[in-house]
Amino acid sequence: MIEEIRIHDLGVITDAVLPLGPGLSILSGETGAGKTMVVTALGMLLGNRSDAGAVRSGAPKAVAEAVVRVPAGHPAAVLVEDAGGAVDVEAVGDAEEALVTVARTVTAEGRSRAHVGGRSAPVGTLSAVGQTLVAVHGQSDQLRLRSPAAQRHALDQYAGEELAAELRRYRERLAEYRSVQQTLREVTEHGRERALEAQSLQGALEEIDAVDPQPGEDERLDQESQKLTNLEQLRAAALTAHAALSGGEFADADTPDATALVAAAHRALEQEAGSDRDLEELSGRVAELAVLVNDIAADLSGYASGLDDEGPARLAEVESRRAKLKSLTRKYGATVDEVLDWAGRSRARLDELTDDPAREQELRARLEQLHAELSELAARMTERRRDAAHRLSGAVSSELTALAMPNASLVIEVEPTEEFSGHGRDEISFLLRPHAAAAPRPLGKGASGGELSRLMLAIEVVLAAVDPVPTFVFDEVDSGVGGKAAVEIGRRLKMLAQHVQVLVVTHLPQVAAFADQHILVTKSTDATVSDVRVLDAEERVVELARMLAGHEDSAAAREHARELVRGAVL
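- Looking at an unreviewed UniProt entry, one finds the protein named DNA repair protein RecN, with Kocuria rosea subsp. polaris as its source organism.
- Per UniProt, the comment on the protein under Sequence similarities (unreviewed entry) is "Belongs to the RecN family."
- Per UniProt, the comment on the protein under Function (unreviewed entry) is "May be involved in recombinational repair of damaged DNA."

As structure tokens, then:
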């Protein structure tokens, strides 16, 4: 719900703060005091077109800002975070709630700026956030339930979980139906392109199969090529190291080898090892070193001998194999492993492209089966929607009778179409029949602003438990009525306020008597500046007396006002 609205230099309002609470908030004041500016401020926050004429005369800009509290994870909070704005999350009991700030500035030149969560954002983002938070029903602007999509959503919410479950199953089948349809279209309509692609893949795979590359083979051959290319250098290094360790034909006759030196060290230590345990341990370690040196020398000799078996013939084989692999890596991947991965994916694609009459027949059979299932699900959804439409229109029409529109009724048309959409096959239309002999007409056509506001109130009262937004705003919903009908309007606004926050601009005391919070807009003596404040209990009685008789000081009017408040119960 909206916790606070701040308005600066908008119309006749210089600087005002409206602290709003839950339930029904009534906004009243004399004609021209600036009540409509509150609705205008909300319109700015909903992304309505900016109007430089709304900026207070002489002021550089007008500012509207609202602080809204919603459950954590509410779409408004998600949209603000996605836009980079800040959302304050607070723990309230066992739940978490988010505080969202939205603002709009309009300059005297007509330029507009929007902010969500303290961050500058496009007006479209502000509009998207606002539409999840507030529904405005004004004399000339009924924002909610005007589009076919919104009407369908409202009807589906009213229909309940059974329709929702069927809609989920329908969408699962529709996704599969469209996938099979697309595959079949590719098979039947793009045969030549598929044949050419299959031919190309077949040739590429045959080329790869002819070479038969193995995982990591290119890296292994690169290493072997480097070894064979440097064969003589490797052999010389191994023999030189062998001679240094154990002597031989490559050893320097004047320089003792490592084996002899280690053996001499071991003999020297072994003679005295029995006299000291530490020296005995060192003697053992030298003996281990002697064994290690002999092992390494033997391995070096074997390595050098093994190099004698390698030669130009093996190098030619390796280079030939590398050339074949290089031809593949130039075409199908940077490495042999990438070539093999490409080949695996291409084999799967080739299976899809192969013209297989049995596969086409299988696709057609599945498509027919899915079409039948979708038709059955869509037909069931149509029946559920028609049943919900009958119940909803009856409930709303009953509300209209109590709202001084006894001959009016809501007509909800559910007309199936041929095409499958993401919502079924139905087109939903909300229509107003002004009286029994009149033809139903779309909402907003053929009805006055006051009548349309009452229609929207009736719809919102019926839908409140299943499809609410956090806050509803009604601007002079009571236009053209009075007496008992006005009391019923107040009562239904109070009923709606049991589920959501409701803000109402009104001239009727019968409506204002139902308020949980009464806000008064007053203007200065020269009518150039207005002020906004929340009334206490006694001030509220005075304002109701003014609304009743125009004489707030009249004792009789005040008593009548108190009587209205006492009678304003559900």
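With respect to the overall build of the protein
Next up, step 1: For the protein, the count of helices and strands is 18 helices and 16 strands.
Next up, step 2: Compactness check: the protein gives a C-alpha radius of gyration of 43 Å against a globular reference of 25 Å for 570 residues, more than 25% above the reference.
Next up, step 3: With the C-alpha coordinates of the protein rotated into their principal frame, the extents come out at 135 × 75 × 50 Å.
Next up, step 4: Considering only contacts within the protein whose residues lie at least 6 apart along the sequence, 69% involve residues at least 24 apart.
Next up, step 5: Accessible surface, the protein: about 28900 Å² in total, of which carbon and sulfur atoms supply 50%.
Next up, step 6: Both charge centroids of the protein, one from 61 positive and one from 93 negative side chains, sit 10 Å from each other.

Focus on unusual backbone geometry
Next up, step 1: With a phi close to 55°, Asp-9 is a non-glycine residue in the positive phi region.
Next up, step 2: Relative to the helices and strands, Asp-9 resides in strand E1 (residues 2–10).
Next up, step 3: Take Asp-9: its relative accessible area is 8%, and that puts it in the buried class.
Next up, step 4: Of note in the backbone geometry, Asp-212 takes a positive phi value of approximately 55° without being a glycine.
Next up, step 5: As for its position among the elements, Asp-212 is in the loop between helix H6 (191–211) and helix H7 (217–229).
Next up, step 6: Judged by its relative accessible area of 46%, Asp-212 falls in the partly exposed class.

Overview of the pattern of salt bridges
Next up, step 1: Enumeration according to the criterion identifies 37 salt bridges in this entry.
Next up, step 2: In this structure, Arg-111 and Glu-109 form a salt bridge, with 3.7 Å as the shortest nitrogen-oxygen distance.
Next up, step 3: Between Arg-235 and Glu-232 there is a salt bridge, and its shortest N-O distance comes to 2.6 Å. Here Glu-232 and Arg-235 lie together in helix H8 (residues 231–246), a separation of three residues that amounts to about one turn.
Next up, step 4: Arg-235 gets classed as buried once you look at its relative accessible area, which sits at 14%.
Next up, step 5: Residue classification places Glu-232 among the exposed positions, given a relative accessible area of 52%.

Details of the UniProt feature "coiled-coil region" (unreviewed entry) in the protein
Next up, step 1: The UniProt record marks residues 360–387 with the feature "coiled-coil region" (unreviewed entry), using the residue numbering of this structure.
Next up, step 2: Helix makes up 100% of residues 360–387 and strand makes up 0%, while its end C-alpha atoms are separated by 41 Å.

Thoughts on the sheet that holds strand E11 (residues 424–433)
Next up, step 1: Here three strands make up an open sheet; going across it, the order is E10-E11-E12 and the pairing antiparallel. Two strands in the sheet have a free side with no partner beyond their single neighbour: strand E10 (409–421) and strand E12 (441–442).
Next up, step 2: Where helix H4 (residues 148–159) meets the sheet, it contacts E10 and E11, and its direction lies at approximately 95° from that of E11.
Next up, step 3: The sheet contacts of helix H5 (residues 161–189) involve E10 and E11, and relative to E10 the element is tilted by about 30°.

Concerning the packing of aromatic side chains
Next up, step 1: With the rule as written, the count across this model stands at four aromatic pairs.
Next up, step 2: Summarising the aromatic geometry, the rings of Tyr-332 and Trp-342 are spaced 4.7 Å apart at their centres and angled 25° between planes, so their arrangement reads as stacked. Of this pair, Tyr-332 sits in helix H11 (residues 312–332) while Trp-342 sits in helix H12 (residues 336–353), and the two are 10 residues apart along the sequence.
Next up, step 3: What makes Tyr-332 buried here is its relative accessible area of 15%.
Next up, step 4: Clustering of aromatic rings is evident, with ring pairs tying together Tyr-170, Tyr-177 and Phe-420.

Describing the packing of H7 against H11
Next up, step 1: Across the interface, H7 lies against H11 with an axial gap of 10 Å and an inter-helix angle of 145°. For the crossing formed where H7 meets H11, the hand is left-handed. Packed against H7, whose contacting residues are Glu-217, Asp-218, Leu-221, Asp-222, Glu-224, Ser-225, Leu-228 and Thr-229, the element H11 presents Arg-314, Leu-315, Val-318, Glu-319, Arg-321, Arg-322 and Leu-325 at the interface.
Next up, step 2: Looking at the contact of H7 with H11, its residues break down into five nonpolar, two polar and eight charged.

Here's the deal with a negative patch on the surface
Next up, step 1: Taken together, the side chains of Asp-276, Asp-278, Glu-280 and Glu-281 define an acidic patch exposed on the protein surface.
Next up, step 2: With respect to the helices and strands, Glu-280 occurs in helix H10 (residues 277–307).

Re empty space enclosed by the protein
It is a probe the size of a water molecule, rolled over the atoms, that shows where empty space is left.
Next up, step 1: Following the criterion strictly, the structure yields two cavities of 30 Å³ or more and no others.
Next up, step 2: Here the largest cavity defines a volume of roughly 70 Å³.
Next up, step 3: What lines the largest cavity is Ile-2, Leu-42, Leu-45, Leu-46, Ala-66, Val-68, Val-102, Gly-130, Leu-133 and Val-134.
Next up, step 4: Put simply, the parts of the chain that give the lining of the largest cavity at least two residues each are helix H1 (35–45) and strand E4 (61–71).

Comments concerning helix H15 (residues 483–496)
Owing to its 3.6 residues per turn, the α-helix brings residues three or four apart onto one side.
Next up, step 1: The first and last C-alpha atoms of H15 sit 20 Å apart over 14 residues, in line with the 20 Å expected at 1.5 Å per residue.
Next up, step 2: H15 sits mainly inside the fold: 10 of its 14 residues count as buried.
Next up, step 3: Along H15, the residues classified as buried are Ala-485, Ala-486, Glu-488, Ile-489, Gly-490, Arg-491, Arg-492, Leu-493, Lys-494 and Leu-496.

Some details on H1
Next up, step 1: Among the 11 residues of H1, nine are classified as buried, and the element is accordingly described as predominantly covered.
Next up, step 2: What H1 keeps buried is the set Lys-35, Met-37, Val-38, Val-39, Ala-41, Leu-42, Gly-43, Met-44 and Leu-45.
Next up, step 3: Positioned one or two residues after H1, Gly-47 has a phi angle of 85°, which is positive.

Things to note about the domain arrangement of the protein
Accessible area lost on assembly of the parts is the figure often given for the size of an interface.
Next up, step 1: Along its sequence, the protein is organised into domain 1 (1–137 + 475–569) and domain 2 (216–333).
Next up, step 2: Computed from C-alpha coordinates alone, the two centres of domain 1 and domain 2 are separated by 90 Å.

Looking at the side chain of Thr-132
Next up, step 1: Looking at the secondary structure, you find Thr-132 in the loop between helix H3 (123–131) and strand E9 (134–137).
Next up, step 2: A distance of 2.7 Å separates the side chain of Thr-132 from the backbone oxygen of Val-129, its partner in a polar contact.
Next up, step 3: Those residues in contact with Thr-132, other than ones at most four positions away along the chain, are His-74, Pro-75, Ala-76, Leu-79, Val-469 and Pro-470.

Regarding a nonpolar patch on the surface
Next up, step 1: Where nonpolar side chains cluster on the molecular surface, the patch consists of Leu-289, Leu-292 and Ile-296 and spans about 250 Å² of accessible area.
Next up, step 2: Following the sequence through the fold, Leu-292 ends up in helix H10.

Some words on the environment of Leu-455
Next up, step 1: As for its placement among the helices and strands, Leu-455 is situated in helix H14 (residues 449–463).
Next up, step 2: Sequence separation of Leu-455 and Thr-329 is 126 residues, and the distance between their C-alpha atoms is 72 Å.
Next up, step 3: In this structure, Leu-455 is in contact with Val-396, Leu-400, Leu-410, Leu-432 and Leu-443, ignoring residues within four places of it in sequence.

Rules behind the numbers
Residues numbered from 1 in each chain as written. Predicted model: local features only at pLDDT ≥ 70, side-chain atom pairs only at ≥ 80, totals over all residues. Heavy atoms only, no water. UniProt positions renumbered as here; feature names shortened; annotations may be inferred. Helix = DSSP H or I, 4+ residues; strand = E, 2+ residues; numbered from the N terminus. Rg over C-alpha atoms; globule rule 2.2 N^0.38 Å. Contact = heavy atoms within 4.5 Å. Areas by Shrake-Rupley, 256 points an atom, 1.4 Å probe, with all protein chains shown as cover. Lys, Arg positive; Asp, Glu negative; His and termini not counted. Charge placed at Lys NZ, Arg CZ, Asp CG, Glu CD. Buried < 20%, exposed > 50% of the residue type's maximum accessible area, 1.4 Å probe, protein only. Salt bridge = Lys/Arg side-chain N within 4 Å of Asp/Glu carboxyl O. Pairing = 2+ DSSP bridges. Axes fitted to C-alpha atoms, helices over the stretch in contact; angles between N-to-C directions. Phe/Tyr/Trp six-rings, centres within 6.5 Å; stacked < 30°, edge-to-face > 60°. Left-handed = near helix turned anticlockwise from the far one by under 90°. Nonpolar A, V, L, I, M, F, W, Y, C, P; charged D, E, K, R; others polar. Patch = residues over 30% accessible without salt bridge, like charges linked within 9 Å, V, L, I, M, F, W, Y side chains within 5 Å. 1 Å grid on protein atoms, 1.4 Å probe; cavity = no way out; pocket = protein on both sides within 12 Å on 5 of 7 lines; lining within 4 Å. Points joined across faces, edges and corners; volume = space filled by probe spheres on them. Expected span 1.5 Å × (residues − 1). Domains from an automatic or database assignment. Polar contact = N/O pair within 3.5 Å; in protein donor to acceptor, adjacent residues only side chain to side chain.

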